[in-house]
Amino acid sequence: MLNKLESLLTKSGIELSLKQKQQLIAYVDMLNKWNKAYNLTSVRDPEQILVRHIMDSIVVNSSLNGTRFIDVGTGPGLPGIPLAIVRPDSHFTLLDSLGKRVRFLRQVQHELGLTNIEPVQSRVEEFIPEPPFDGVISRAFASLQDMLSWCSHLPKPQEGRFYALKGALPEEELAQLPAGITLDTFIALQVPELDEQRHLVILKSN
């Protein structure tokens, strides 16, 4: 697994310490182990988890600005946990409404010794951020419209950003952004060994 991860990282031009690589692999092992009872992801093969979940998450790292992020609808911790591992000086609140997922996140936090994550069980619209976040991240979460209406209270006014990890570019959704929200930029992502479109859409409030 370490060789596989190192090959993927090299293809992406991402450099990590041995400890970070070991933490990512330990997280894959935990996902694989807990998946049997908790049904955390439909991806069952550990090597595919590396491609479809780990690399798919960390390729956005260089596009994030700030140090305080919230991963809404994090599920089993994606992309928040891989990003917290590769970005140790940033803090990630991992928000999910399902208790069993949050229990898994707390176990990951404990076993991997991650001091820069905070698993929280809450519905996103009921969560009060204190203070607001530099970035609101979502992956495989609702439409942009739903994300913006549920999460509008989470980022810092003006400075904060919404980061939506998408497959194909959601052009129809981008054409219908609500008043006060504009497209900052979008980035076509390259995930090694994944023959599917991936985009990062970055939105800001005016």
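The structure under discussion appears in the preceding block.
Residues numbered from 1 in each chain as written. Predicted model: local features only at pLDDT ≥ 70, side-chain atom pairs only at ≥ 80, totals over all residues. Heavy atoms only, no water.

A. Structural context of the pairing of strand β3 (residues 117-121). Taken together, the five bridges between strand β2 (residues 91-96) and β3 define a ladder with parallel strand orientation. Counted as the bridge partner of Leu95 is Val120 from β3. The handedness of the β2 to β3 crossover, carried by helix α5 (residues 99-112), is right-handed. (Pairing = 2+ DSSP bridges. Helix = DSSP H or I, 4+ residues; strand = E, 2+ residues; numbered from the N terminus. Right-handed = clockwise from strand over helix to strand, strands pointing away.)

B. Just the sheet that holds strand β4 (residues 135-139), in detail. If you trace the seven strands from one edge of the open sheet to the other, you get β3-β2-β1-β4-β5-β7-β6, paired in mixed fashion. Where the open sheet ends on each side, the last strands, each with one partner, are β3 and β6 (181-188). The sheet shows a mean angle of 20° between the axes of neighbouring strands, direction not considered. Where strand β5 (residues 161-166) meets strand β7 (residues 199-205), six bridges bridge the pair, whose relative direction is antiparallel. Directly across from Ala164, in β7, lies its bridge partner Val201. (Axes fitted to C-alpha atoms, helices over the stretch in contact; angles between N-to-C directions.)

C. Here's a closer look at the environment of Arg161. Mapped onto the secondary structure, Arg161 falls in strand β5. By relative accessible area, Arg161 is classed as buried at 18%. Separated by 107 residues in the primary sequence, Arg161 and Ile54 have C-alpha atoms spaced 22 Å apart. Apart from residues lying up to four places away in sequence, Arg161 is in contact with Asp134, Gly135, Val136, Pro155, Asp184, Ile202, Leu203 and Lys204. (Buried < 20%, exposed > 50% of the residue type's maximum accessible area, 1.4 Å probe, protein only. Contact = heavy atoms within 4.5 Å.)

D. Spatial organisation of the pattern of salt bridges. Throughout the structure, instances matching the rule amount to 13 salt bridges. Among the salt bridges present, the one from Glu196 reaches Arg52, with a minimum N-O distance of 2.8 Å. Taken together, the positions of Glu196 in the loop between β6 and β7 and Arg52 in helix α3 (residues 46-58) put the pair 144 residues apart, joining distant regions of the chain. A relative accessible area of 38% places Glu196 in the partly exposed class. Relative accessible area serves as the criterion here: at 23%, Arg52 is assigned to the partly exposed category. Linking Glu196 and Arg198 is a salt bridge whose minimum nitrogen-to-oxygen distance equals 3.3 Å. Relative accessible area serves as the criterion here: at 16%, Arg198 is assigned to the buried category. Here the salt bridges share partners, and the residues they tie into one network are Arg52, Asp56, Arg139, Glu196 and Arg198. (Salt bridge = Lys/Arg side-chain N within 4 Å of Asp/Glu carboxyl O.)

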